[in-house]
Amino acid sequence: MQKIKLILLFASLLFLLPLLCEAQQHWMVYFKDKQRKDFNPYTYFDAKAIERRIRTGIPVDDPSDWPVNETYVNEVSLMVNEVIITSRWLNAMAVDADDSQINTLRQLPYVLNVEWIEPSGMQITSFDDYDTAINPNESEVLEGQLKTLGVDAWRKAGIDGKGLRIAILDVGFDQADKVPAFDHIRNENRLIATHDFTNRKNGDYVYYGNGHGTEVWSCIAGKIGDFQIGLATGAEFLLAKTEKSSEKYSEELNWLAAVEWADKNGADIINSSLGYTANRYFNWQMDGKTSFVTRAANIAARKGMLVVNAAGNDGDDKWHYIGAPADADSALSIGGIDPATGYHITFSSYGPTSDKRMKPNVSAYGHVIAAAPPGLKSTQGTSFAAPLVAGFAACAWQSNRKLTNMQLFGEIEKSGSLYPYFDYAHGFGIPQADHFLNKDTTSVQPTFRIVESGDSISIVVNKYSVEKAITSQNSGPKTENGYNNETTGSQEYLYYNIMNKAGVLDSYYVLDVTQPKVLTLLKSNFRKGETLNVHYAGYNISVKL
Amino acid sequence: MKGIFTSLLVLLSLGAFSQEILLKQNVQADSIRPTRGPNLRNFTQGYIGFGFPIHTNEVLNYTRTGTSIDFDFGLRYKRRITNYLAAGLDLGIITAAFKLKQKSPKTVPDTVINDKEKIQISSLVSSGYVRINVGRRGNYIGNYLDLGAYAGWNFQKKHKTTNENDEGEKVKVLTSKLNYVESFSYGLLARLGVSRYALTAQYRLSDIFKNSYAIPELPRLIVGVEVGLFK
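Residues numbered from 1 in each chain as written. Chains lettered and ligands numbered in written order. Predicted model: local features only at pLDDT ≥ 70, side-chain atom pairs only at ≥ 80, totals over all residues.

What about the overall build of chain A?
To keep it simple, the criterion reads: Going along the chain from the N terminus, every DSSP run of H or I of four or more residues is numbered as a helix, and every run of E of two or more is numbered as a strand. Here a residue counts as buried when 20 or more other C-beta atoms sit within 10 Å of its C-beta, as exposed when there are 12 or fewer, and as partly exposed otherwise, the C-beta atoms being derived from the backbone. For every residue pair, C-beta atoms are placed from the backbone, and the pair is scored as a contact if these atoms sit within 7 Å.
Along chain A, the regular secondary structure elements total 15 helices and 25 strands. When the 545 residues of chain A are sorted by exposure, 52% land in the buried category. The long-range fraction of contacts in chain A, counting pairs at least 24 apart against all pairs at least 6 apart in sequence, stands at 76%.

Details of the domain arrangement of chain A
Residues and elements named next belong to chain A. Quick reminder of the rule: How far each domain reaches was decided by an automatic or database domain assignment. The nonpolar class holds Ala, Val, Leu, Ile, Met, Phe, Trp, Tyr, Cys and Pro. Asp, Glu, Lys and Arg form the charged class, and all remaining residues, Gly among them, are polar.
Per the domain assignment, the segments making up chain A are domain 1 (21-116), domain 2 (123-437) and domain 3 (448-544). Placing the centre of domain 1 and that of domain 2 at their C-alpha centroids yields a distance of 28 Å. Contacts between domain 1 and domain 2 engage 18 residues on the former and 16 residues on the latter. If you list the elements that add at least two residues to the side of domain 1 that touches domain 2, you get α3 (47-56) and β2 (82-87). Taken together, the residues of the side of domain 1 that touches domain 2 sort by class into nine nonpolar, three polar and six charged.

Observations regarding the packing of helix α9 (residues 212-221) of chain A against helix α12 (residues 382-399) of chain A
Any two packed helices are characterised by how steeply their axes cross, that is the angle between the axes, and by the distance between the axes. Residue and element names in this part refer to chain A. Worth spelling out the cut-off: Only C-alpha atoms enter the line fits that serve as axes; for helices the fit covers just the stretch in contact. Angles between N-to-C directions range over 0 to 180 degrees. Should the near helix be turned anticlockwise from the far one by less than a right angle, the crossing is termed left-handed; should it be turned clockwise, right-handed.
Following both chains from N to C, one finds α9 and α12 inclined at 35 degrees, their axes separated by 7 Å at the closest point. Relative to α12, α9 is oriented so that their crossing is right-handed. Between α9 and α12, the contacting residues are His212, Glu215, Val216, Cys219, Ile220 and Ala221 on the first element and Ser383, Phe384, Pro387, Leu388, Ala390 and Gly391 on the second. Taken together, the residues of the contact of α9 with α12 sort by class into eight nonpolar, three polar and one charged.

Focus on the sheet that holds strand β25 (residues 539-544) of chain A
Operational definition: The pairing criterion is simple: DSSP has to find at least two bridges between the two strands.
Across the sheet, which stays open at both edges, the five strands sit in the order β25(A)-β24(A)-β21(A)-β22(A)-β1(B) with antiparallel pairing between neighbours. Looking at the sheet topology across the chains shown, the edges are occupied by β25 of chain A together with β1 (21-26) of chain B. Each neighbouring strand pair of the sheet contributes to a mean axis angle of 10 degrees, computed without reference to strand direction. Judged from the six bridges that link them, strand β24 (residues 531-536) of chain A and β25(A) form a sheet pairing that is antiparallel. Bridging from a neighbouring strand, His535(A) pairs with Asn540(A) of β25(A).

Side note on the nonpolar core
To keep things clear, this is the line we draw: Only buried residues count toward a nonpolar core: Ala, Val, Leu, Ile, Met, Phe, Trp, Tyr and Cys, linked into one set through C-beta atoms within 7 Å.
Counting 151 residues, the largest nonpolar core has Ile166(A), Ile269(A), Ile270(A), Val308(A), Val389(A) and Ala393(A) as the members making the most contacts within it. The element that contributes the greatest number of residues to this core is α12(A), accounting for twelve residues. Look past the residues within four positions of Ala393(A) in its chain and what remains in contact with it is Ile269(A), Leu306(A), Val308(A), Leu408(A) and Ile412(A). Core analysis: the second largest hydrophobic core is formed by 18 residues, Ala96(B), Phe98(B), Val181(B) and Leu218(B) among them.

Focus on the confidence of the model for chain A
The predicted coordinates ought not to be read in detail in places where the model reports low pLDDT. The condition that has to hold: Every residue is assigned a pLDDT by the predictor, reflecting its confidence on a scale from 0 to 100.
Of all residues in chain A, 85% attain a pLDDT of 70 or more, and the chain-wide mean is 86. Contacts from residues 14-23 of chain A, a stretch scored under 50 in pLDDT, to residues over four places away or in other chains number eight contacts.

With respect to helix α6 (residues 136-147) of chain A
Residues and elements named next belong to chain A. Inclusion rule: Expected span, for any helix, means 1.5 Å times one less than how many residues it has.
Taking 1.5 Å per residue, twelve residues should reach 16 Å; α6 reaches 16 Å between its end C-alpha atoms and fits that length. Along α6, the residues classified as buried are Glu138, Glu140, Val141, Leu142, Gly144, Gln145 and Leu146. Tucked into the core, α6 has its buried residues touching α7 (151-156), β10 (227-228), β16 (362-365), β17 (367-372), β18 (375-380) and α12.

Some details on unusual backbone geometry
Here the residue pair Gly351(A) and Pro352(A) is connected by a cis peptide bond, since its omega of 0 degrees sits within 30 degrees of zero. In this structure, Ser195(B) takes a positive phi of about 55 degrees despite not being glycine. In this structure, Ser195(B) sits in the loop between β8 (184-194) and β9 (197-204). In this structure, Ala214(B) takes a positive phi of about 50 degrees despite not being glycine. Topologically, Ala214(B) is positioned in the loop between β9 and β10 (221-229). By the C-beta count within 10 Å, which is 9 here, Ala214(B) ends up exposed.

What to know about the sheet that holds strand β19 (residues 448-453) of chain A
Residues and elements named next belong to chain A. The antiparallel open sheet is built from three strands, whose spatial order is β19-β20-β23. The sheet is open, and its two edges are formed by β19 and β23 (517-522), each paired on a single side. Looking at each pair of strands side by side, their axes are set apart by 20 degrees on average, direction ignored. Across six bridges, β19 lies against strand β20 (residues 456-461) in antiparallel orientation. Note that in β20 the partner of Glu452 across the bridge is Ile457.

Quick notes on the packing of α12(A) against helix α13 (residues 405-414) of chain A
All names here are of chain A. Just so we agree on the cut-off: Every angle not falling under 35 degrees, over 145, or within 65 to 115 is termed oblique; those three ranges are roughly parallel, roughly antiparallel and roughly perpendicular.
One way to put it is that α12 packs onto α13 with a least axis distance of 11 Å and a crossing angle of 110 degrees. The pairing of α12 with α13 is recorded here as roughly perpendicular in orientation. Both α12 and α13 take part in a crossing whose hand is right-handed. Where α12 approaches α13, its residues Ala393, Ala396 and Trp397 are matched on the opposing element by Leu408, Glu411 and Ile412. Taken together, the residues of the contact of α12 with α13 sort by class into five nonpolar, no polar and one charged.

Here is the structure:
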């Protein structure tokens, strides 16, 4: 009898478990239609949002901004356990509901589709080394993190991101209301709005939980005395807490709600130092269209905002590649540079996307000095490379407000220290202020040449360049501490890649240069139509093999 | 691509290429979609675990709770069917040591009272299971419930007693190839796991002792923990 009971118990578990799994889950309920009704963009949007739409040629009155039908919202709200968010862009509601409720919802004539969106993990793309002291090495990093992005040139031109509004989506902004690195912003009332999307009661208090967002904000606009931590010290800010705690899991829905909120409140730039990777997705799903946040990032870009996203910190682990939404084609994905070497920092996630688009787009320091609640601290992660570039983007946009967001995206790529050379570790390299401020049309002097002899092809650098490279590596900008505060990430190394006929890189390399003849390859080892692209000290050559 | 590396190696050996490669990435090689992994089509892992026999009826409990222990290890294969469903096979060794109570009246396996006594059975066990995963995830084991059945061959059947003789010396007696112990066993299993860690339960449907010997049965339920051995 006991045996029979146990067998029955096992069988019951087998049948009940799927039911238990399905119960109390999150669903996205999409509606078939919506109406303009009383929508008035001039009262709904912040004036800045209207201005952005007019400036970038986006319709001010667009159906995707019309509110979700109130009757649908009211009816659905009564039929589910909880409404998580309502999205105008997707014409949908995210709800918590059980199977029977969802079955009822599916029967409603105005419901287009119901999609299961089980909540899962968003990973903070940074990690700390817990070193809060500013030693000489760290001082050099602090100086270098902006110098590489042209802080002197921006300062000289009087550009500090003024007039640009930047939304930061992060896990929390612990004590950011007190940290002195933001005094200049608070004193000038440039903190426009805050919102806690992890609090369903629509709280606006975001200064608790994790300090990751505080550090990220400082890399965009922080300032201690005369020392800048980020470039956009004159910009305006929107702070959105989209994660529940310092835990690495949260929901993609908060991200979607936050970008809609940022759009409504007139954001020009969105900085997101968050990303989904192996907890939820496979590498091949990083195709720019699969993940929820990736789709949301692309819609945000279509609204005229520049979305800046960290590439991720999986370069030296099994995942290896960028996460979502860094895979979105309209998101400017930022890789990390090691201040000590001037090229790719080992943990920075690699591209390309699974459909072979170039990512990351550009790079910045992945090891920075940031303002944390107790003081300045040394910290690492592409989480901090992204805000450095977000600050750069604000300055670049201020320098030319006629650019649309995607034109700015393209110009930032073109400003890269390696451009037009690229690879999937650095993108186009570190963005350069000179591209926006001093449109230098003089051609770059050759720094190397390609020597073809029979089947072999050699890369020979000019004597001057070798001496310069050796000097700079041994005694120039690289200090006795090993940090290179003059580097632009491209000056001292030879970069080369092999590109196939489809324009996709098959392989790419960074070489140290210590002798004139850097590399010899045999042409017969390449497939027809492949191209060898080489970059050294600002000069590029491409050769069909 | 193989050619590039060959030429690089040749040139390196000739001294024509003596520059240090700081970064090297082969995108083509990385583009091959893997099929083996914790949440990919095929996955094989090792496991190691232990458990304790649990008797539901104290009156009929002939083993010493806590010191009787079940130790197992082996290889597990999993075939992914969907993100939420998988099936697999285990092949492993289970060694169950039942330490017997020495209180009169004693009936397992006989009436003789010893200082210490245990029955140890080692089995080569194969099991099949169905895995139900909870939650969408990437290439991770995730949270799961395994339900399955096992069958084993009891290749080692030992009875050990320890007694003290009149001279105060310990006398250990080991009897193997026990006639009264069945050669095969079978039962049900369940595992509730989070990534590499799992709570396990096995319920033995078969008897340990042959019916003809009329020896009371030892605990059928074994509850324990297991650690998955994989990167």
